[in-house]
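# Coordinate inspection notes
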Amino acid sequence: MVVGGGQAGLAAGYYLRRAGLDYVILDAHSRPGGAWQHGWNSLRLFSPAEYSPLPGWGMPRQDGEEFPTAGHVVDYLRTYERRYDLRVRRPVRVREVRPAGERLAVETDAGSWMARYVISATGTWECPYVPDIPGREEFTGRQLHTVHYASPEEFRGQRVVVVGGGNSAAQILAEVSRVADATWVTLRPARFMPDDVDGRVLFGVATRKAAGGAGGGVSDLGDIVMVPSVREARERGVLQPRSMFVRLTDRGVRWADGAEQPYDAVIWCTGFEPNLTHLAPLLRGWRQGKVATEGTRSVDETRLYLLGYGDWTGPASATLVGAGRTAKATVTDIAFRLQGQS
Ligand code: FAD
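Figured I'd write up the structure that's included with this text. Keep in mind that what you see is a predicted model, and the values were worked out from it rather than measured. (Residues numbered from 1 in each chain as written. Predicted model: local features only at pLDDT ≥ 70, side-chain atom pairs only at ≥ 80, totals over all residues. Heavy atoms only, no water.)

### Here's the deal with helix H1 (residues 7-18)
The end-to-end C-alpha distance of H1, which contains 12 residues, comes to 17 Å, matching closely the 16 Å that a straight helix rising 1.5 Å per residue would cover. Extensive coverage of H1 is indicated by the burial of 10 of its 12 residues. Every buried residue of H1 is listed here: Gln-7, Ala-8, Gly-9, Leu-10, Ala-11, Ala-12, Gly-13, Tyr-14, Tyr-15 and Leu-16. Against the buried residues of H1 lie strand E1 (2-3), strand E2 (25-26), helix H2 (70-83), strand E3 (88-89), strand E7 (118-120) and helix H6 (320-341). Within two residues after H1, Gly-20 carries a phi angle of roughly 75 degrees, on the positive side. (Helix = DSSP H or I, 4+ residues; strand = E, 2+ residues; numbered from the N terminus. Expected span 1.5 Å × (residues − 1). Buried < 20%, exposed > 50% of the residue type's maximum accessible area, 1.4 Å probe, protein only. Contact = heavy atoms within 4.5 Å.)

### Describing the sheet that holds strand E13 (residues 252-254)
Within a beta sheet, neighbouring strands are joined by backbone hydrogen bonds and run either parallel or antiparallel to one another. Reading across from one edge, E12-E13-E14 is the order of the 3 strands in this open sheet, with antiparallel pairing throughout. Each end of this open sheet is capped by a strand with a single partner; those strands are strand E12 (247-248) and strand E14 (260-262). Sheet topology places E12 next to E13; 2 bridges connect them, and they run antiparallel. Counted as the bridge partner of Leu-248 is Val-253 from E13. (Pairing = 2+ DSSP bridges.)

### Quick notes on the site of the ligand
Near the ligand, the surroundings consist of 30 residues, among which Asp-27, His-29, Ala-35, Phe-46 and Leu-320 are the closest. In this structure, an oxygen atom belonging to the ligand sits 2.6 Å away from a side-chain N or O atom of Asp-27. Between the ligand and the protein, one listed contact pairs an oxygen atom with a backbone N or O atom of Ala-318 at 2.9 Å. In the complex, 91% of the free accessible area of the ligand, which totals 1,000 Å², lies under the protein chains. (Near = heavy atom within 4 Å. Polar contact = N/O pair within 3.5 Å; in protein donor to acceptor, adjacent residues only side chain to side chain. Areas by Shrake-Rupley, 256 points an atom, 1.4 Å probe, with all protein chains shown as cover.)

### Section: the packing of H1 against H6
Viewed as axis vectors pointing N to C, H1 and H6 meet at an angle of 40 degrees, and their least axial separation amounts to 8 Å. Judged by the inter-axis angle, H1 sits oblique to H6. Classified by chirality, the crossing of H6 by H1 is right-handed. Facing Gln-7, Ala-8, Ala-11, Ala-12, Tyr-15, Leu-16 and Arg-18 of H1, the residues of H6 in contact are Leu-320, Ala-323, Gly-324, Ala-327, Lys-328 and Val-331. Class assignment for the residues of the contact of H1 with H6 results in 9 nonpolar, 2 polar and 2 charged. (Axes fitted to C-alpha atoms, helices over the stretch in contact; angles between N-to-C directions. Parallel < 35°, antiparallel > 145°, perpendicular 65-115°, else oblique. Left-handed = near helix turned anticlockwise from the far one by under 90°. Nonpolar A, V, L, I, M, F, W, Y, C, P; charged D, E, K, R; others polar.)

### Concerning the packing of aromatic side chains
Tallying each qualifying case throughout the model produces 14 aromatic pairs. Cluster of aromatic residues (ring-pair linked, three or more members): Tyr-14, Tyr-15, Trp-57, Tyr-76, Tyr-80 and Tyr-84. Lying across the ring of Tyr-23, Arg-87 places its NZ or CZ 4.6 Å from the centre. Above the plane of the ring of Trp-255 lies Arg-242, whose end atom (NZ or CZ) is 3.6 Å from the centre. (Phe/Tyr/Trp six-rings, centres within 6.5 Å; stacked < 30°, edge-to-face > 60°. Lys NZ or Arg CZ within 6 Å of the ring centre and 35° of its normal.)

### Comments concerning the sheet that holds strand E6 (residues 111-115)
One open sheet holds the 3 strands; their spatial order is E4-E5-E6, and the pairing between them is antiparallel. Across the chains shown, the open sheet's two edge strands, defined by having one partner strand only, are strand E4 (94-100) and E6. Shown here is a sheet whose adjacent strand axes are inclined to one another by a mean of 20 degrees, direction ignored. Pairing analysis gives 6 bridges linking E4 to strand E5 (residues 103-108), with the strands arranged antiparallel. What sits directly across from Pro-99, in E5, is Leu-104.

### Focus: the nonpolar core
If you look at the biggest cluster of nonpolar residues, it comprises 65 residues, and the most contacted ones within it are Tyr-80, Phe-155 and Ile-267. Elements supplying a minimum of two residues to this core: H1, H2, strand E9 (159-163), helix H3 (167-176), helix H5 (228-235), strand E15 (265-268) and H6. For this core, the leading source of residues is H1, giving 7 residues. Mapped onto the domain boundaries, this core takes at least three residues apiece from domain 1 (2-127 + 272-341) and domain 2 (142-268). Counting 22 residues, the second-largest nonpolar core is a separate cluster that includes Val-92, Val-106, Trp-286 and Tyr-309. (Core = buried A, V, L, I, M, F, W, Y, C linked by side-chain atoms within 4.5 Å. Domains from an automatic or database assignment.)

### A short note on the environment of Thr-183
Locating Thr-183 in the fold gives a position in strand E10 (residues 181-186). Judged by relative accessible area, Thr-183 falls into the buried class, the value being 14%. Spatially, the C-alpha atoms of Thr-183 and Val-238 are 8.1 Å apart, while their sequence positions differ by 55 residues. Not counting the four nearest positions on each side in its chain, Thr-183 is found in contact with Val-160, Val-161, Val-162, Leu-173, Arg-242, Trp-255 and Tyr-263.

### Quick look at H6
Over its 22 residues, H6 extends 32 Å from the first C-alpha to the last, a length consistent with the 32 Å expected when each residue adds 1.5 Å. Burial in H6 covers these residues: Leu-320, Val-321, Gly-322, Ala-323, Gly-324, Thr-326, Ala-327, Thr-330, Val-331, Ile-334 and Leu-338.

This is the structure we're talking about:
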């Protein structure tokens, strides 16, 4: 049983089907595409289509675009799922997975299933993280997280703070600063990757790491990929992060030196938590955040696998190409265990 039908869930489905195992993918969305259905309007892949294949069939190039749009990725995932006739049921939301003797009981809004193994591939998009900064309740301007950001137009002429040191913050700052008076704030000093590093290089590094190669991982190169819009923002001199303000006030922010500055909006590009609440009955003592894993298998509940959540579930596992690699290892392990049980 796979919970979640985004890129990671489909990659698992591909290998489960190829291994001839009995499986179903339950997905809460009513359409294929996972989180790619929700990105902001200008969101694109970091790399050309041929560097982002799911197993078996690579992403076709998008006419006239070197870096595919989110819409193109959604089309790819929809076609992929049809091409391999993957057994996806949607919309089905898994409420909880709990132990039931030899099996795991999967309770959903469309009935119950029993499974010998569960692969959770529910992503992070539904669990936006916002740091607990004082004054968040007092601020009378607009606060939104990356998940609710669509385009810079709604901020035209406003004073905006963009918070965060990752790719979402850098890309959103790059476009908002063209139409608004934008300030960039980071919790830690920003780490830019070299200009010539894009998804191609990152996937190469992750591949070597996955193969057990020596040397650093992707994060050693920096946090922010210098995509064209971010490079252009640097040319305009707007890539100048300030350190975090100490609190929000009713009208804006207060800096560490006590100075206050008015703002109309705060955009929290502060990341996500893994979406794992449906697993709480299986993981005693788990509150929020990561789960202890060996490879992709939960250490505490060995019938549970976690796929696609980030580097803690395999090198680059939150990317299309990395999802395929970790899905293969996961299904190989499950098939091996099932053989041992039969
Ligand atoms: P999701 O796509 O979120 O899919 C999870 C699915 O699980 C959803 O369909 C959801 O409905 C379902 N679900 C959730 N909870 C339940 C439940 N309880 N029951 C049933 N179903 C459930 N990735 C790349 O590969 N290349 C890139 O270049 C790239 N660039 C990016 C740039 C930015 C700025 C950002 C923010 C992300 C980028 N990503 C990139 C990452 C990518 O967008 C996500 O990591 C990816 O969509 C995660 O896939 P997933 O399958 O793990 O999760």
